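Each chain is listed here by its residues.
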Amino acid sequence: MVIRVEERVTGVMIYYYFVCKRKLWYFTNEINMEAEDENVMLGKLLDENSYKRDDKHINIDTVINIDFIKEHRELHEVKKSKAVEEAGIWQVKYYLYYLKQRGVDGLKARIDYPLIKKNLVVELSKEDEEKLEVVITEIIKQKKKICPPEFEKMKICNKCAYHDLCLI
Ligand code: SF4
């Protein structure tokens, strides 16, 4: 299936949709400040060093980028904290949804939080699929907007890579 670039919705976009719509706009408009950000670096480091044993990294259509544990038919995501847990859960649900749309059904997912030694099993319900369809439509609309949504100060702003840009 060929997805037009302007309609491509990645897991990171789903994540940002739930974290901050302004961040989503920056990201979808290719304003990328995350590469050097230390919170992002920590996330990547955890991703590279945690739970390596039976992981196989999969990247599909550059939309899905996640580990897959064959033995348990399980997608596997690593997050550094539970601070924006809802967003992480929806990101993983989107992966399950995306794969289901392409005929890969019956998977579940697990999010690990190695720093607090916790994990969470994530499954996809019919209601989740309906909600994701609304979210996907909104993200595609959001991408096409000329300006970002208004800045609203949130708790997470202090740790956000776009912090300086929002507070100019
Ligand atoms: S600094 Fe705050 S408002 Fe700006 S992009 Fe980050 S989270 Fe969103």
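Small disclaimer: the values here were computed from a predicted structure and weren't measured.

Draft legend 1. View of the side chain of Lys93. By the element assignment, Lys93 lies in helix 4 (residues 85-101). Discounting residues that sit within four places of it in the chain, Lys93 has contacts with Val122, Glu123, Leu124, Asp128 and Leu132.

Draft legend 2. Structural detail: unusual backbone geometry. Although it is not a glycine, Glu30 sits at a positive phi angle of roughly 60°. Judged by relative accessible area, which is 73%, Glu30 ranks as exposed. Positive phi outside glycine occurs at Lys117, with the angle close to 50°. Its place among the elements puts Lys117 in the loop between strand 4 (108-113) and strand 5 (118-122). The exposed category is assigned to Lys117, whose relative accessible area is 72%.

Procedures and definitions
Residues numbered from 1 in each chain as written. Predicted model: local features only at pLDDT ≥ 70, side-chain atom pairs only at ≥ 80, totals over all residues. Heavy atoms only, no water. Helix = DSSP H or I, 4+ residues; strand = E, 2+ residues; numbered from the N terminus. Contact = heavy atoms within 4.5 Å. Buried < 20%, exposed > 50% of the residue type's maximum accessible area, 1.4 Å probe, protein only.

Taken by themselves, the reported measurements are silent on function.
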